[in-house]
Amino acid sequence: MMKPHQDLKPNTAAYETQALVKPTGFREYDARWVLEKEINLLGIQALGLGLATYVHEIGVQPKIVVGHDFRGYSLSVKQALILGLLEGGMEVLDVGLALSPMAYFGQFELDAPCVAMVTASHNENGWTGVKMGANKPLTFGPDEMGRLKEIVLNGEGVARPNGKLVRVDDFRETYVADVASKVQIKRPLKVVCACGNGTAGAFAPDALRRMGVEVIEMDTDLDYTFPKYNPNPEDHAMLVQMAQRVKDTGADLALGFDGDGDRCGVVDDTGDEIFADKIGLMLARDLSKVHPNSTFVVDVKSTGLYKTDEVLKANGAEVVYWKTGHSYIKRKTAELGALAGFEKSGHFFMAGDLGHGYDDGLVAAGAVLAMLDRNPGKKLSELKSALPDAWTSLTMSPHCDDELKYGVLERIVKDYSDLADAGGEILGRRIVEAITVNGVRVHLEDGSWVLVRASSNKPELVVVVESMRSEDDMRDLFRKEIKPRLAAYPEIGAFNQEI
């Protein structure tokens, strides 16, 4: 395998005959590039050969499930990846158009230890990527991604014989039937199913109907131009449309799914969005009654209410905060034998009798519906109202180049850590703790907090704030603390959205 180049230009002979792979595409736990600008199809093929080489290197059976999401170029990317995998001696099980969790499910159902799902998730068009794993239900973390990066960029890929391609027909039906079998709703529920014209539109409406609810479809026709907004139920644009449809139809709730179906967003019967960390807390309360003394894992962007919740304490539940990122939470959930993991971005990891331990938006939707079924006299808004007050912001992301963001973050972490060590204050409240397991989460004496971390898959930082006082105070924590502090760093650009 020849070393890929990092500076090839499209519409040249070199671009058609040599691999282009930018190093920045190898992120903490996913691979993600802008197609043509940062990687070409020969680069994708080199990635496939590199992945096959790594699988042989670690002594895992060279058998892999491969799928692709619904974008104009994802099928071509998958085919290039498959060429590399075959060259590297892998047996490839191609499940076709898929959600990421469908590919993960394939590892169990088809008895294959490895997975490579071609998807850019909710990223804008132009992006492509691959979610990979070689130890179900886990996906790669920094160590695996680091070694894969070395193999690909150094041209260490090894061609081997016995590559084999198997097309698995109608696997969608096998997956949807399995997801729906876990939940059978007896209570009449009217549910808006929002897919943002992404891949989930070919899966979610059918799965929800089989669970026993009435489905109101919203943007479920597949259209890889994403004509209205990116399929991302954490973004304000999609949430606003979901809320309006609930109000227009009198639905009991809306469930929204991202571009590759591994995340789920929720809007209640009043049209209010419930961020995934609060949904996670509601699920933890409900599940800990059925499964007392359970452990739950949540990411550092999640509400501080998990620490203080009296219902969880009464049910003997233990909550562990861990690094943000689907690979990190998935791994920690498995490591601790936790019943479930929750991430504020909408990744839910249901384990034990609830699921296989990987993130699946449809399984998460089923868990929310089952919670409502176990509480037949209550609306979702009433279950939400039973939580203690806490005002949490949207996830906001200012631009920061991939090559610069970790260095910038290191300075921000030191800034806040020094302030904490000096007994400093934020908006008149003493800092009691600065948690630096993943960026910096600064806790104040009243339980409020602010978080700054680096995005694991885009050239951005990530900001979340939460107030235990009021919505206005939550806005002040951003506008009077975070925004002016980050403005002092010239490497940091505009926010994608602001409260």
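Conventions and cut-offs
- Residues numbered from 1 in each chain as written.
- Predicted model: local features only at pLDDT ≥ 70, side-chain atom pairs only at ≥ 80, totals over all residues.
- Heavy atoms only, no water.
- Axes fitted to C-alpha atoms, helices over the stretch in contact; angles between N-to-C directions.
- Helix = DSSP H or I, 4+ residues; strand = E, 2+ residues; numbered from the N terminus.
- Parallel < 35°, antiparallel > 145°, perpendicular 65-115°, else oblique.
- Left-handed = near helix turned anticlockwise from the far one by under 90°.
- Contact = heavy atoms within 4.5 Å.
- Nonpolar A, V, L, I, M, F, W, Y, C, P; charged D, E, K, R; others polar.
- Buried < 20%, exposed > 50% of the residue type's maximum accessible area, 1.4 Å probe, protein only.
- 1 Å grid on protein atoms, 1.4 Å probe; cavity = no way out; pocket = protein on both sides within 12 Å on 5 of 7 lines; lining within 4 Å.
- Points joined across faces, edges and corners; volume = space filled by probe spheres on them.
- Pairing = 2+ DSSP bridges.
- Core = buried A, V, L, I, M, F, W, Y, C linked by side-chain atoms within 4.5 Å.

Engineer: What is the right way to read the packing of helix α2 (residues 41-57) against helix α3 (residues 74-87) from this model?
Structural biologist: Helix-helix packing: each pair is described by the crossing angle between the helix axes and the interaxial distance. Contact pair α2 / α3: the axes reach a minimum separation of 7 Å and the direction vectors enclose 40°. Here α3 runs oblique to α2, going by the angle between their axes. As α2 runs across α3, the sense of the crossing is right-handed. Only Ser76, Val77, Ala80, Leu81, Leu83, Gly84, Leu85 and Glu87 of α3 make contact with α2, whose side of the interface consists of Leu41, Ile44, Gln45, Leu47, Gly48, Leu49, Leu51 and Ala52. Across the contact of α2 with α3, the residue classes break down as 11 nonpolar, four polar and one charged.

Engineer: What is the right way to read the environment of cysteine 264 from this model?
Structural biologist: If you trace the backbone, cysteine 264 turns up in strand β10 (residues 264-267). When its relative accessible area of 3% is taken as the criterion, cysteine 264 is described as buried. A C-alpha to C-alpha distance of 34 Å links cysteine 264 and lysine 414, two positions 150 residues apart in sequence. Not counting chain neighbours up to four residues away, the residues in contact with cysteine 264 comprise Pro233, Leu255, Gly256, Phe257, Gly346, Phe348, Gly361, Ala364 and Ala365.

Engineer: Looking at this structure, how should I read the layout of surface pockets?
Structural biologist: To find leftover empty space, a probe the size of one water molecule is rolled over the atoms. What the largest pocket holds in volume is close to 640 Å³. Along the walls of the largest pocket sit 21 residues, with Glu273, Phe275, Ala390, Trp391 and Thr392 positioned nearest its centre. Elements with a contribution of two residues or more to the lining of the largest pocket: β11 (273-274), α14 (380-385), β16 (391-392) and α16 (471-487). If one sorts the elements of the lining of the largest pocket by residue count, α16 sits on top with three residues. Considered class by class, the residues forming the lining of the largest pocket number nine nonpolar, four polar and eight charged. Looking at the second largest pocket, its volume works out to about 510 Å³. In terms of lining, the second largest pocket is formed by 32 residues, of which the most central are His122, Asn232, Glu234, Asn457 and Lys458. Split by residue class, the lining of the second largest pocket holds two nonpolar, 16 polar and 14 charged.

Engineer: Help me understand the pairing of strand β18 (residues 429-435), please; the structure alone is not making it clear to me.
Structural biologist: In the case of a regular strand, side chains alternate between the two sheet surfaces. Judged from the two bridges that link them, strand β17 (residues 425-426) and β18 form a sheet pairing that is antiparallel. Along β18, the bridge assignment pairs isoleucine 426 with arginine 429. Adjacent in sequence and paired antiparallel, β17 and β18 are bridged by two residues, among which leucine 427 carries a positive phi angle near 50°. In this sheet, strand β19 (residues 440-444) lies alongside β18 in antiparallel orientation, the contact comprising four bridges. Within the sheet, the bridge partner assigned to glutamate 433 lies in β19 and is histidine 443. Following β18, the chain reverses through four residues before pairing antiparallel with β19; glycine 439 in that reversal takes a positive phi of roughly 75°.

Engineer: So what exactly am I meant to see when it comes to the sheet that holds β10 here?
Structural biologist: Two strands in a sheet stick together by hydrogen bonds in their backbones, pointing the same way (parallel) or opposite ways (antiparallel). The five strands lie next to each other as β8-β7-β9-β10-β11, forming an open sheet whose pairing is mixed. Every other strand in the sheet has two partners, leaving β8 (214-218) and β11 as the edge strands with one partner each. Across the sheet, helix α8 (residues 236-249) is in contact with β7 (190-194), β8, β9 (253-257), β10 and β11; its angle to β9 comes to roughly 150°. Contacts from helix α13 (residues 361-374) reach β7, β9 and β10 within the one sheet, and its direction differs from that of β9 by about 165°.

Engineer: Explain unusual backbone geometry here, please?
Structural biologist: The omega torsion of the bond from lysine 136 to proline 137 falls at 0°, within 30 degrees of zero and hence cis. With respect to the helices and strands, the residue proline 137 is situated in the loop between β5 (127-133) and α5 (142-153). For asparagine 162, which is not glycine, the phi dihedral falls at a positive 75°. Note on placement: asparagine 162 falls in the loop between α5 and β6 (164-167).

Engineer: Before we go on, may I ask you to explain the nonpolar core in this structure?
Structural biologist: Taken as a class, soluble globular proteins show a tendency for nonpolar side chains to be buried jointly. Membership of the largest hydrophobic core comes to 72 residues, with the highest contact counts inside it found for Leu208, Leu255, Phe257, Phe342 and Leu369. Top contributing element to this core by residue count: α13, with 10 residues. With residues near it in sequence (within four places) discarded, leucine 369 still touches Ile185, Leu189, Val191, Leu208, Met211, Val213, Leu253 and Leu255. Counting 43 residues, the second largest nonpolar core, distinct from the first, contains Met396, Val450, Leu461 and Val465.

Taken by themselves, the reported measurements are silent on function.
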